[in-house]
Amino acid sequence: MIEVTDDASAADEPDTQALDDLLDDVFRGQERVDQGEIYRRAVATDLPADLLARVDALPEGEYSVDEASDLLGGSVA
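Residues numbered from 1 in each chain as written. Predicted model: local features only at pLDDT ≥ 70, side-chain atom pairs only at ≥ 80, totals over all residues. Heavy atoms only, no water.

Remark: helix α2 (residues 17-26) packs on helix α3 (residues 35-44), axes separated minimally by 10 Å, with the N-to-C direction vectors making an angle of 125°. Considering the angle they form, α2 stands oblique to α3. In the packing of α2 onto α3, the handedness of the crossing is right-handed. Contacts between α2 and α3 involve Leu-22, Asp-25 and Val-26 from the former and Ile-38, Arg-41 and Ala-42 from the latter. When the residues that make up the contact of α2 with α3 are grouped by side-chain class, the tally is four nonpolar, no polar and two charged. (Axes fitted to C-alpha atoms, helices over the stretch in contact; angles between N-to-C directions. Helix = DSSP H or I, 4+ residues; strand = E, 2+ residues; numbered from the N terminus. Parallel < 35°, antiparallel > 145°, perpendicular 65-115°, else oblique. Left-handed = near helix turned anticlockwise from the far one by under 90°. Contact = heavy atoms within 4.5 Å. Nonpolar A, V, L, I, M, F, W, Y, C, P; charged D, E, K, R; others polar.)

Positioned with a positive phi, Asp-46 is a non-glycine residue whose angle comes to about 55°. Secondary-structure assignment places Asp-46 in the loop between α3 and α4 (49-56). For Asp-46, a relative accessible area of 67% gives the class exposed. (Buried < 20%, exposed > 50% of the residue type's maximum accessible area, 1.4 Å probe, protein only.)

The next point concerns the packing of α3 against α4. Remark: α3 packs on α4, axes separated minimally by 9 Å, with the N-to-C direction vectors making an angle of 165°. In this view, α3 runs roughly antiparallel relative to α4, as classed from their interaxial angle. Crossing of α3 against α4: the hand is left-handed. On α4, the residues that touch Gln-35, Ile-38, Tyr-39, Ala-42 and Val-43 of α3 are Leu-52, Val-55 and Asp-56.

Set out below in structure tokens:
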């Protein structure tokens, strides 16, 4: 008998804690931040390569924390 637990589904989802931490830091005291600044901070914090690629793929422009989180797949709200 195979038992399915909640832990099994969590293993299939990417760990976005580093992304959430980055967005918390970048948007601290800021309403909107441009893509270039988000990327520079991501590089400076040694964000994992898969998450850094997501940040690099953001179109140029300014984002609110909610917009950036939605586009990058984070959970910051």
